[in-house]
Amino acid sequence: MSATTIDAATVAALDDEQLGYAFKGLPPGTEGVRLGDVGAQGWHALRDLAMPAMLLLGGPLERNLREMAAWCREQDVLLAPHGKTTMAPQLFARQVEAGCFAITCATPWHLRIYRHFGVGRVLYANELVEPALLAWIAAELARDPGFELYALADSVTTVEAMDRGLLDAPRPVRVLVEMGLPHGRTGCRTTGEAVAVAQAVVAASHLELAGVEGFEGLARAETVDGTIARVDVFLAQVVAAFEAIGAAGLLPDEPLVTAGGSAYFDRVVAAFRPLQARIVVRGGCYVTQDGGFYDQVSPLAGRSGGDRRLVNALEVWGAVVSRPETDFAVASFGRRDVPIDLGLPIAVKVARDGVAREVDGMQVVALSDQHAHLTIPPDLDLVAGDLVGARIIHPCGAFDRWRLLLVVDDDYRVTGGVRTFF
Ligand SMILES: Cc1ncc(COP(=O)(O)O)c(C=O)c1O
């Protein structure tokens, strides 16, 4: 199946946006600097920025884009990266360039942003239930003959609502029957429900059955092995639903089966491999990985035995604003700047006069809104005005706290900026 497209001119038009005071991290005196000219300013991230700053490490980012695309090609699976992680059309363009099948989204607003930037094929990994949204989708399908939309359904009621709402659609929306975990989130809980939903889709006038969907990333247990065991049980249910819908003669000629965030996509591919279907995985976090959760669990990081590896591509930096005790310092990033849902940032570097070095023994022990509380080795050479750099855990919560992430090279020279839309 062909890769999706994006409107390169609309993405490039982002370069014309004038930056300045409204963008956290930029130095004072940068009013009116165009986004497209950020890389030409000669800024050094660890000397010139107004801390805190969330940095996107250019080399690791490129590597992750390349490695994931290569892995999918080797496995003969399609990638529909979840765009909600970054909500950064400039990064979507890179994912499209790397050959992705579609871009995944979760909300009506995501879809509007994607369509503004001309994403051709969208996997709406949620139920479409709002009449106004469905009417807009019908109009969008009419406006753009190249627009293809996949969406989920987990009940006959939803299917009926979609069909009603798409009355004016010139061609059908493709529906994936969603399977879900007990007390998880959306999704049919039984194979019988899944078959009933598939029957309703086939009977609908403005819908077309495309296949089956699930999201294993909600499975949780105490240990990684325990979680993987639960993931496998859930994926077997997705397979059973797919087979039952197939046995009922409802599947199209080239069905899709899709699951797979950035943590267990190897299990997804293994479970779905025996099916006569195109497999679509949907990781979002892989694009930057992180310094904790994904770093440990990803089959291309902590669980990998091979050379193909995804690496951390995000660092938050803050200034040391105080060292009130020999073993305690306070830096200028807080929970307004970094995610905390899967763990506190991991402080790994310090910098003085623009020169960074790795340091052992620092720990972010708490975050206030605008401060990081760090325990540090008493003999560490660190004074107010130095900088502290940390890896974060869970990229989703890093991107949504920054309207602009600055891209740096291996020497922390700023090479560009990435705009987010949250
Ligand atoms: C339905 C769905 N698909 C894919 C993903 C992407 O997974 P990840 O965030 O692990 O990259 C998510 C993330 O929440 C999701 O909810």
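As a starting point, this report considers the structure included with it.

Rules behind the numbers
Residues numbered from 1 in each chain as written. Predicted model: local features only at pLDDT ≥ 70, side-chain atom pairs only at ≥ 80, totals over all residues. Heavy atoms only, no water. Near = heavy atom within 4 Å. Polar contact = N/O pair within 3.5 Å; in protein donor to acceptor, adjacent residues only side chain to side chain. Nonpolar A, V, L, I, M, F, W, Y, C, P; charged D, E, K, R; others polar. Phe/Tyr/Trp six-rings, centres within 6.5 Å; stacked < 30°, edge-to-face > 60°. Helix = DSSP H or I, 4+ residues; strand = E, 2+ residues; numbered from the N terminus. Buried < 20%, exposed > 50% of the residue type's maximum accessible area, 1.4 Å probe, protein only. 1 Å grid on protein atoms, 1.4 Å probe; cavity = no way out; pocket = protein on both sides within 12 Å on 5 of 7 lines; lining within 4 Å. Points joined across faces, edges and corners; volume = space filled by probe spheres on them. Contact = heavy atoms within 4.5 Å. Pairing = 2+ DSSP bridges. Axes fitted to C-alpha atoms, helices over the stretch in contact; angles between N-to-C directions.

Notes on the site of the ligand
So, step 1. Every residue lining the ligand is accounted for by His82, Lys84, Ala125, Arg185, Phe215, Gly261, Ser262, Arg282, Gly283, Gly284, Cys285 and Tyr294.
So, step 2. In the model, an oxygen atom of the ligand is placed 2.9 Å from a nitrogen or oxygen of the Arg185 side chain.
So, step 3. Residues belonging to the shell around the ligand are distributed by class as follows: four nonpolar, five polar and three charged.

Some points on the packing of aromatic side chains
Each pair of aromatic rings is reported with the distance of its centres and the angle of its planes.
So, step 1. Evaluation of the coordinates by the stated rule reveals six aromatic pairs.
So, step 2. Both rings, one in Trp71 and one in Phe265, keep their centres 4.9 Å apart while their planes meet at 80°; by these two values the pair is edge-to-face. Of this pair, Trp71 sits in helix α3 (residues 58–75) while Phe265 is found in helix α10 (residues 265–272), placing the two residues 194 residues apart along the sequence.
So, step 3. For Phe265, a relative accessible area of 1% gives the class buried.
So, step 4. With centroids separated by 5.9 Å and ring planes inclined at 55°, the aromatic side chains of Phe101 and Tyr150 adopt a geometry described as tilted.

Remarks on the layout of surface pockets
So, step 1. In this model, the largest pocket occupies a volume close to 570 Å³.
So, step 2. Every residue lining the largest pocket is counted, 32 residues in all, and those nearest its centre are His82, Lys84, Arg185, Phe215 and Tyr294.
So, step 3. For the lining of the largest pocket, the secondary structure elements donating two or more residues are β4 (121–127) and α11 (293–297).
So, step 4. Here the lining of the largest pocket is built from residues that sort into 12 nonpolar, 12 polar and eight charged.

Let's talk about the side chain of Glu67
So, step 1. The residue Glu67 is located in helix α3 in this model.
So, step 2. Its relative accessible area of 11% is what places Glu67 among the buried residues.
So, step 3. Side-chain polar atoms of Glu67 contact the backbone nitrogen of Arg309, separated by 2.9 Å.
So, step 4. Not counting residues within four places of it along the chain, the set of residues in contact with Glu67 comprises Asp307, Arg308, Arg309 and Leu310.

Regarding the sheet that holds strand β5 (residues 148–153)
So, step 1. Taken in spatial order, the eight strands of this open sheet run β2-β9-β8-β7-β6-β5-β4-β3, and their pairing is parallel. Looking at which strands have only one partner, the edges of the open sheet turn out to be β2 (78–79) and β3 (103–105).
So, step 2. Helix α8 (residues 191–203) contacts β5, β6 (173–178) and β7 (207–213) of the sheet and is inclined by roughly 155° relative to β7.

Structural notes on empty space enclosed by the protein
So, step 1. Considering all chains together, one arrives at one cavity of 30 Å³ or more under this definition.
So, step 2. Taken as a whole, the largest cavity holds about 40 Å³ of empty space.
So, step 3. In this structure, the largest cavity is lined by Glu178, Met179, Gly180, Leu181, Arg185, Thr186, Phe215, Leu218 and Phe234.
So, step 4. Partitioning the lining of the largest cavity into residue classes produces five nonpolar, two polar and two charged.

With respect to the side chain of Arg115
So, step 1. Topologically, Arg115 is positioned in helix α5 (residues 108–116).
So, step 2. Taking the relative accessible area as the measure of exposure, Arg115 reaches 4% and is therefore buried.
So, step 3. A polar side-chain atom of Arg115 sits 2.6 Å from a polar atom in the side chain of Asp144.
So, step 4. The residues contacting Arg115, other than those within four sequence positions of it, are Gly120, Trp136, Glu140, Arg143, Asp144 and Phe147.

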